[in-house]
Structure formats: C-alpha cells, structure tokens
Amino acid sequence: MYGIAALLLLVAAILSFADVGEKAGRLSDWQAFALGITQGVTELLPISSSGHLILVPWLADWHYLEAHPDFNKTFDVALHLGTLVAVVVYFWADVVRYVGAWFRSVARRSVSSLDERIAWWIFAATIPAAIAGALGEDSIESHLGQPWQIAVFLSVFGVLLWLADRLPQQKRIGELGFWPAFAVGISQILALMPGVSRSGITITTGRFFRLDRDSAARFAFLLLIPIVFGAVVYKGIKHVVLESLPAGSIGPFVVGTMAAAAIGLVAIDLVLGYVRRHDYTVFVVYRLLVAAGIVIVIASGWRGAHF
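Starting from 1, residues in each chain are numbered consecutively following that chain's sequence as written. It should be noted that, the model being predicted, local features are given only for residues of pLDDT at least 70 and side-chain atom pairs only at 80 or more, the latter also being counted only at that level, while totals for whole chains, interfaces and linings use all residues. Excluded from the side-chain calculations are hydrogens and water; all other atoms, namely the structure's heavy atoms, are used.

## Some words on the overall build of the chain
Piece 1. Broken down by element type, the chain carries 13 helices and zero strands.
Piece 2. For a compact globule of 307 residues, the expected C-alpha radius of gyration is about 19 Å, and the chain comes in at 19 Å, within 12% of that figure.
Piece 3. Each of the 307 residues in the chain was classed as buried or not, and the buried ones make up 50%.
Piece 4. Only heavy atoms matter for contacts: two residues are in contact if any of them lie within 4.5 Å across the pair. Across the chain, the fraction of contacts at a sequence separation of at least 24, relative to all contacts at a separation of at least 6, is 82%.
Piece 5. Computed by Shrake-Rupley with a 1.4 Å probe, the accessible areas treat only the displayed protein chains as cover when residues are assessed. Accessible area for the chain stands at about 13400 Å²; split by element, carbon and sulfur atoms hold 70% of it. A helix here means a DSSP run of H or I that spans at least four residues, while a strand means a run of E at least two residues long, and both kinds are numbered starting from the N terminus. The globule rule used for comparison is 2.2 Å times the number of residues to the exponent 0.38, while the radius of gyration itself is calculated over C-alpha atoms. Three labels apply to residues, based on accessible area from a 1.4 Å probe with only protein chains included: buried if under 20% of the type maximum, exposed if over 50%, partly exposed otherwise in between.

The structure is reproduced here in structure tokens:
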C-alpha cells in the first residue's frame, strides 16, 4: 500500500514539474499538488479538509479558486474523488462485505447478522448528511467559510472532541445500534461548515456513544464512502458533465486527484495505527494551534479576516 501511495505521489510530482495540462494564469499543477496533499491529509484526520482548503490559498495568497467559483467546484470534485479512492482501496474487504450484507438483508426483508446490522447503520447514518449536503452545502460554505469563522469552528469542535474522548471506551461498531448510528449521521450535517471536520464530528459523536477510539475512526471512514461517493457523483454530473470544463483543467485535476489518493492511503493507516495506542488529544491541540495561528495572522494584518 505504501508503495502504491509513493508511486502515485511521484507521478503527480513529475506531472507537476512538467506543467502537464495546465494553462498560464489558471490554477497551476504545483498548486493542485499542494491542495491534493492538503485534502489527502485533512479529509481523513479530524482537523477539517474544507477549512484547510480555504486556509492554504488564503495564506499562500492564491486567488484563482476564490475568483473562479465554478472551477473551484469542479476541482473540489477531483480532490474528493482522490480521497474516496483511498478509502475504498483501504477498506475494500469491508466495502464488499457490508454492501453484500445490505443486499442480502433487503432481499430477505430481514436483518439477521451483525454485518447486516452494521450495513443498515451505515445506511441510516448516510441519509441525513446526504440530504443536507444536496440542499445546502454551497450556501453554507459561502456564508461560513471565512478564516475567522474557521478558527472558531476549529476551536469549539476541537474542545468537543477532547471532551468526548475523555469518556470510557465501551463499544465496538457492532454494538452501536441503529438510532445512535442515525444520530451520528445527523451530526455530520455540522461538517458542512468549514472548520468542523466530517471525520472529526463523526468521531466525536461516536465517542459520545462510547465507541472505542479505533471503532470511532473506522466508522467515520466507512461513512465517508457513501457520503463522498454521492457528492462526487452529484457534483460531477452538475459541474463536470453538464458544464464544459475550462481550459487548463486536466492537469490540475489529475495531479490533485493522484496526490489526494496517495496521501489519503497513508493517512488512514497512520490514524488507525495511532488511535489504537493513543487518544485524540494531539488532533485537539493541532486544531487549537491552527485557530490561534489564524487569529495571529489576522491581528498582525498579514492577511485579512475575509477571503
């Protein structure tokens, strides 16, 4: 797996170095490479990918995506496709098992095994977030995606993660239950606000329901698959298939997708290995430090509070 990730990252870097498929004056391959790495790390850690994908261009003073929202939406599809590929590859055996279990349960019109119960819990948790994402994601991000707001959300939901992580580890995924799983799905609606973090709020809610740290992270990653798959299909049809791509899109799209997939594979493995032996405090501290850094940057006048 690490070999595959390294190869993907190397190819993405070579394409970036060669400026393949990019167009002058638009998003460069190197910028796409940096944002792909950002997506690969932050989508799968409880630190907010949407927040970091705003903060990186804000700090680097890249204004192309901000000035071209239609391109930004299509590029967002490419980045999420990369992390989706990473999660599906890593959890392929689980994907096959739970999809098969769900269809068997539907065919029999009954739930009789642990795999079938978990499959229905994933289904239940997907519904509220999918509906909310389809109805209001663009509006929420446009109103709540300013750097100072991201700092607030990083801090508040970082503290909530720390509080949840102080609770006992009493359950595995198979012991969660249907309604707690549905509640986890409802909590994902908050992740539409940049700075909250989809994996972060899922882990937080899972820990409030006494899932152990490994199970909370695994459930967050498993829920990412249907949510991000739906978002990629919906946005892909809306912004890529039904609308023509601007010139200079292919290079950044390919580079961003490959970088996100490569780093995502590594991030999943590292997170799961880490939380088997440690708590989530390191991610809470990181969130608070980034929030403090945003405040310092704004107060110093280096960058404005709005982007």
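## Concerning the pattern of salt bridges
Piece 1. Basic side-chain nitrogens of Lys or Arg form a salt bridge, by our definition, when they fall within 4 Å of a carboxyl oxygen of Asp or Glu. Evaluation of the coordinates by the stated rule reveals eleven salt bridges.
Piece 2. A salt bridge links Asp279 to Arg166, with the nearest nitrogen and oxygen atoms 3.0 Å apart. Remark: Arg166 occurs in the loop between α8 (147–164) and α9 (178–187) and Asp279 occurs in the loop between α12 (250–275) and α13 (281–300); sequence separation between them is 113 residues.
Piece 3. Connected through shared salt-bridge partners, Arg172, Asp212, Asp214, Arg218 and Arg276 make up one network.

## Describing the packing of helix α1 (residues 2–17) against α12
Piece 1. Orientation is described by axes fitted as lines to C-alpha atoms, over the contacting stretch for helices, and by angles from 0 to 180 degrees between their N-to-C directions. The contact between α1 and α12 brings their axes to 8 Å, and the two run at 150 degrees. What the angle tells us is that α1 and α12 run roughly antiparallel. For the element pair α1 and α12, the recorded crossing hand is left-handed. Residues Tyr2, Ile4, Ala5, Leu8, Leu9, Val11, Ala12, Leu15 and Ser16 of α1 pack against Val254, Val255, Met258, Ala259, Ala261, Ala262, Ile263, Leu265, Val266, Asp269 and Leu270 of α12.
Piece 2. Residues are grouped as follows: Ala, Val, Leu, Ile, Met, Phe, Trp, Tyr, Cys and Pro are nonpolar; Asp, Glu, Lys and Arg are charged; all remaining types, including Gly, are polar. Class assignment for the residues of the contact of α1 with α12 results in 18 nonpolar, one polar and one charged. Note on terminology: angles under 35 degrees are roughly parallel, angles over 145 are roughly antiparallel, angles of 65 to 115 are roughly perpendicular, and the others are oblique. It is the rotation of the near helix from the far one that decides the hand of a crossing: anticlockwise by less than a right angle makes it left-handed, clockwise makes it right-handed.

## Examining the environment of Ala86
Piece 1. Assignment of secondary structure puts Ala86 in helix α5 (residues 69–90).
Piece 2. Taking the C-alpha atoms as reference points, Ala86 and Leu265, 179 residues apart in sequence, are found 5.0 Å from one another.
Piece 3. Look past the residues within four positions of Ala86 in its chain and what remains in contact with it is Ala261, Gly264, Leu265 and Ile268.

## Focus: a nonpolar patch on the surface
Piece 1. Residues form patches when they are more than 30% accessible in relative terms and have no salt bridge. Like charges link within 9 Å. Nonpolar side chains (Val, Leu, Ile, Met, Phe, Trp, Tyr) link within 5 Å. Residues Trp148, Val152, Val156, Val159, Leu160, Trp162, Leu163, Phe208 and Leu288 make up a contiguous nonpolar surface patch of about 740 Å² in total accessible area.
Piece 2. In terms of residue count, the dominant contributor to the nonpolar patch is α8 (seven residues).
Piece 3. Structurally, Val152 is set in helix α8.

## Things to note about the packing of α8 against helix α10 (residues 198–208)
In a packed pair of helices, the relevant descriptors are the angle between the two axes and the axis-to-axis distance.
Piece 1. Orientation of α8 relative to α10, taken along the N-to-C sense of each, is 30 degrees, at an axis distance of 8 Å. Relative to α10, the element α8 lies roughly parallel. Where α8 crosses over α10, the two elements pack in a sense that is left-handed. Counted together, Phe157, Leu160, Leu161 and Ala164 of α8 and Ile201, Ile203, Thr204, Arg207 and Phe208 of α10 form the full contact between these two elements.
Piece 2. Residues that form the contact of α8 with α10 fall into these classes: seven nonpolar, one polar and one charged.

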